[in-house]
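# Remarks on the overall topology
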Amino acid sequence: MQQENPTDAGASASASASANHIPGEVGIWVVIFGDMLVFGLMFLTFMYYRRENLPLFQDSQLHLNQTFGLINTLFMLSSSWFVALSVQAARRSQRRRACGGFCLALLCGLGFSVVKVLEYRQKVGAGILIDTNDFFTFYYVLTGIHFLHVCIGMVILGFMARSSWYGSFTARKIGHFESGASFWHLVDLLWIALFALLYLLP
Amino acid sequence: MVSPKRLTLVWLLLLGATALSWAFGHGAMFVTPLNAGTAIVLIAFFKIRVVILEFMEIRHAPALMRIACEAWVLGICAGVVVLSR
């Protein structure tokens, strides 16, 4: 029987709440900063090519389904919110809330994936491929690498949901949750930029 | 510890900002697409900064981590705005 126990992680909770706390292991932050640098450079490269051939990029953008982009933004923002709530619940040893939040975040990730696959199918069906033009090369490469991150993130969310249900909330476990959560928030913030640059920018 | 209520307010703020940038992307308020584009980029990087500070808890992280994150947001945002105009 799973019990809510608000006391057994008191020490880890207060450690996690203090100032100057690195959320998660240092290793995950090497990955996060590396990803941010690479994606940052790709955003700037995209903008440079866009500037060089603005009419082509604007015309090509008309073929994107902005509603799909908006729905996926809502999925991403909501999943990040659920994950942040779960980490807080784990620090308070609130098992059901922690596990429920991770599961809801995972569902949002699945929703994002379904929309993404539908979108790719529409594009391929319309004969729009990675080599159609520069805009769609960026579109497939940027959203493709991002989608790979979503898939990895969903596996991590699955592990976190399981781990939050079994065993006690040790400081070590909460550290793992913070690492996984930080990675998922990275996936969220990269999508925020992709949605603006690829879908919305007029 | 960050309260669930604060996290929910942050989520609502992010949804509101998304709605605003959607409106700017569809001709609301700004006459020229150029200005609308700049507004969309600024809103996007504002949202990113909020996610980093609030959801990723960088607000409570060591100064060096916060500076690195803020520098990334500022640098990439400035670069994108300049290249978009």
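First, a word on scope: everything that follows refers to the structure included in this document. (Residues numbered from 1 in each chain as written. Chains lettered and ligands numbered in written order. Predicted model: local features only at pLDDT ≥ 70, side-chain atom pairs only at ≥ 80, totals over all residues. Heavy atoms only, no water.)

### Concerning the state of the cysteines
Residues and elements named next belong to chain A. Put simply, the rule is: Count a disulfide wherever a pair of cysteine sulfur atoms falls within 2.5 Å. In this scheme, a residue with accessible area under 20% of its type's maximum is buried, one over 50% is exposed, and one in between is partly exposed, where area comes from a 1.4 Å probe on protein chains only.
Inspection of every chain in the model, using the stated rule, returns zero disulfides over all chains. The thiol of C99 is unpaired, and the distance to the nearest cysteine sulfur, on C103, comes to 4.1 Å. Its relative accessible area of 11% is what places C99 among the buried residues. Summary of cysteine pairing: C151 is not part of a disulfide, and the nearest cysteine sulfur, belonging to C108, is at 15 Å. In this structure C151 comes out as partly exposed when scored by relative accessible area, which is 32%.

### As for the environment of I128(A)
All names here are of chain A. What counts is decided by this rule: Working definition: helices are DSSP H or I runs of at least four residues, strands are E runs of at least two. Numbering for both runs from the N terminus. Should any heavy atoms of two residues lie within 4.5 Å, those residues are counted as being in contact.
Topologically, I128 is positioned in the loop between helix 5 (95-125) and helix 6 (134-165). In this structure I128 comes out as buried when scored by relative accessible area, which is 10%. Spatially, the C-alpha atom of I128 lies 9.8 Å from that of S60, the residues being 68 residues apart in sequence. Sequence-distant contacts of I128, that is, excluding residues within four places in its chain, are made with H63, K123, F136 and Y140.

### Here we look at the packing of aromatic side chains
All names here are of chain A. Rules: The pairing test for Phe, Tyr and Trp rings, Trp by its six-membered ring, is centres within 6.5 Å, and the orientation test on the planes gives stacked under 30 degrees, edge-to-face over 60, and tilted for anything in between. The rule is short: NZ of Lys or CZ of Arg within 6 Å of the ring centre and within 35 degrees of the ring normal puts a charge over the ring.
Scanning the model with the defined rule gives 23 aromatic pairs over all chains in all. With a centroid separation of 5.1 Å and an interplanar angle of 90 degrees, the aromatic rings of F135 and F136 are classed as edge-to-face. Take F135: its relative accessible area is 2%, and that puts it in the buried class. On the basis of relative accessible area, F136 is assigned to the buried category, the value being 2%. A centroid spacing of 5.9 Å and a plane angle of 40 degrees characterise the contact between F195 and Y199, whose relative ring orientation is tilted. Placement of both F195 and Y199 in helix 7 (residues 171-200) is noted, with a separation of four residues, approximately one turn of the helix. In terms of burial, F195 and Y199 fall into one category: buried. An aromatic cluster is defined as three or more aromatic residues linked by ring pairs; in this entry it consists of F46, Y48, Y49, F57, Y120, F135, F136, F138, Y139, Y140 and F147. A cation over a ring is seen here: K116 above Y120, with NZ or CZ 5.7 Å from the ring centre. Between K173 and the ring centre of F169, over which it is positioned, the NZ or CZ distance is 5.6 Å.

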